[in-house]
Amino acid sequence: MSTDSGAGRRDLPGTPIFDGDSSRRGLRMNKLFMSLRHAADRERFLGDEAAYCREFGLTPEQEKAVLDRDWQAMIDLGGSIFYVYKLAMMDGRSMQYLGGVFTGMGEDDFLAAMRAGGRRDG
Amino acid sequence: MAEVIWGLATSHVPSIGAAMDRGKTDDPNWKALFDGYAPARAWLAEHRPDVAIVVYNDHANGIDLDFVPTFGLGTAERYEVADEGFGRRPVPDVIGHPELSLHLVESLIDDDFDLTVFQELQVDHGFTVPLSVWTPDPGDSWPCPVIPLLVNVIQYPQPTAARCWALGQALGRAIRSYPEDITVGVLGTGGMSHQLAGARAGFINPDFDHMWMETIETDPAKLATLSREELITQAGSEGIELIMWLVMRGAMDDQVTKVHSDYFVPASNTAAGIALWENRAPQPAA
């Protein structure tokens, strides 16, 4: 059975859909992000990020994305934005910063676009 | 019998809570949002229910991706405010109402809604920000006991809009069948249009939001026909949270009277909406 059955129905350009397949691929990485709610775990993560990733069972691609703070790759490899955001918060990054990364606009232009009423399709 | 006296729909963006917690409500980027809350807050302060039900979703704080309940209801005596990573919000823990919760669970399951039951649950901004929108200065406790009703909106497939609407209608029946004469406020949270990830991040659709705001009052069953794909296309991937407004609206009568509504862009990356309805038909002008 295809794992992406029905993908056509939700193939909206520029719109990642966190579905069951993404969640299955991203489970270990998302669990790592969830652990960062706790100060003690943040300290352990920052002490040796690669070891922490291996402890949680990330794939090599996911580990690289986390170590490189490649936010788009984390989403592509099964990260849920609400979980990925835990890592961004730990780094002192805002959702506007992430918006600047995902759109390629940069944080300042993204924030300006939001304050001007948000972005539109087309 | 218990009676729904009002329904409040509101966005639950974490930065709204942060702006309040950090005393930034008069900041030029925020003032219009909070000014827009004032009439609803004033009315709500005069119409305190005995119990409130908050229809909301968790964001990686109270529950993990180990299990993703499509619908869940809390039955606890108390719900602790979650630490989402950098200290919990400086707001009171939530006192529950286990007797009404257990009645709702039984009534809803008998009405074919097989809810997950939470005996322990930490509540995050999805829950506490709407309470703060209602009550900016709760002091030591929120105005009344509050029951969480969880909806999965973050992992596809979310429940359909039609199912949320039907759940709301069943919730209304369940509330009305509670034997005690108590009053209930229902909060539907999340939305309005927004998208956080992807090249389309920052998407806002004011036309859709205004249509939704109008139609949820006058013809909510029409909104219940929207598919997930239509919602994500029109409101953005996170705008699908609006299905939680349909649960709230379903628990109310066919005809309701609007007390106040307002719309503000942006609260972070989100179009923030608030709408408050009294649960009774419009009264003819005197």
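Residues numbered from 1 in each chain as written. Chains lettered and ligands numbered in written order. Predicted model: local features only at pLDDT ≥ 70, side-chain atom pairs only at ≥ 80, totals over all residues.

Trainee: Whenever I open this one, the overall build of chain B confuses me. Can you help?
Mentor: A tally of helices and strands in chain B yields nine helices and ten strands. For chain B, the C-alpha radius of gyration of 17 Å lies close to 19 Å, the compact-globule estimate for 286 residues. Here chain B, with 286 residues, has 54% of them falling under the buried criterion. Residue pairs at least 24 apart in sequence account for 82% of intrachain contacts in chain B once pairs closer than 6 positions are excluded. (Helix = DSSP H or I, 4+ residues; strand = E, 2+ residues; numbered from the N terminus. Rg over C-alpha atoms; globule rule 2.2 N^0.38 Å. Buried ≥ 20, exposed ≤ 12 C-beta atoms within 10 Å, placed from the backbone. Contact = placed C-beta atoms within 7 Å.)

Trainee: Just checking my understanding: could you explain the overall build of chain A for this structure?
Mentor: Check the secondary structure of chain A and you find eight helices and zero strands. For chain A, the sequential pattern of α-helices and β-strands runs α-α-α-α-α-α-α-α. Within chain A, the fraction of its 122 residues that count as buried is 39%.

Trainee: Looking at this model, I keep getting lost on the domain arrangement of chain A. Mind explaining?
Mentor: When the parts of a complex come together, some accessible area is lost, and that lost area is often taken as the interface size. Residue and element names in this part refer to chain A. For chain A, the domain assignment lists domain 1 (19-91) and domain 2 (93-122). Of the residues lining the interface, five residues belong to domain 1; the matching set on domain 2 comes to six residues. Listing elements by their share of the side of domain 1 that touches domain 2, those giving two or more residues are helix 5 (71-76) and helix 6 (81-90). Of the residues assigned to the side of domain 1 that touches domain 2, the class counts are three nonpolar, one polar and one charged. (Domains from an automatic or database assignment. Nonpolar A, V, L, I, M, F, W, Y, C, P; charged D, E, K, R; others polar.)

Trainee: Can you walk me through the confidence of the model for chain B in this structure?
Mentor: Parts of the prediction with low pLDDT should not have their coordinates interpreted in detail. Considering every residue of chain B, the mean pLDDT works out to 97; 100% of them sit at 70 or more. Predicted as a complex, the structure gets a pTM of 0.96 and an ipTM equal to 0.94. (pLDDT = per-residue confidence, 0-100.)

Trainee: It is not clear to me how the sheet that holds strand 3 (residues 71-74) of chain B should be interpreted in this structure. Could you clarify?
Mentor: In a beta sheet, neighbouring strands pair by backbone hydrogen bonds and run either parallel or antiparallel. Residues and elements named next belong to chain B. Pairing is mixed in the open sheet, where eight strands are placed in the order 6-3-7-2-8-1-10-9. Lying at the two open borders of the sheet, with one neighbouring strand each, are strand 6 (116-118) and strand 9 (257-267). Neighbour to neighbour, the strand axes of the sheet diverge by 20° on average, direction disregarded. Sitting on the sheet, helix 4 (residues 125-134) is in contact with strand 1 (3-10), strand 2 (51-56), strand 7 (146-151), strand 8 (183-189) and strand 10 (270-278), with an inclination near 130° to strand 2. (Pairing = 2+ DSSP bridges. Axes fitted to C-alpha atoms, helices over the stretch in contact; angles between N-to-C directions.)

Trainee: Sorry, what's going on with the interface of chain A and chain B here?
Mentor: Contacts between the two partners involve 37 residues from chain A, matched on the other side by 31 residues from chain B. Here the side of chain A that touches chain B takes six residues from helix 6 of chain A, the largest share from any one element. Of the residues assigned to the side of chain A that touches chain B, the class counts are 18 nonpolar, ten polar and nine charged.

Trainee: How should I be thinking about unusual backbone geometry in this particular structure?
Mentor: In terms of backbone geometry, most residues other than glycine have negative phi values and most peptide bonds are trans. Residues Tyr156 of chain B and Pro157 of chain B are joined by a peptide bond in cis, for which omega reads 0°. Looking at where Pro157 of chain B falls in the secondary structure, it is placed in the loop between strand 7 and helix 5 (161-176). Each neighbour pair has its own omega, and for Val265 of chain B with Pro266 of chain B the value is -5°, a cis peptide bond. Looking at the element boundaries, Pro266 of chain B is found in strand 9. Of note, the phi angle at Arg69 of chain A is positive, near 50°, even though the residue is not glycine. Of note, the phi angle at Asp112 of chain B is positive, near 75°, even though the residue is not glycine. Position of Asp112 of chain B among the secondary structure elements: in the loop between helix 3 (98-110) and strand 6.

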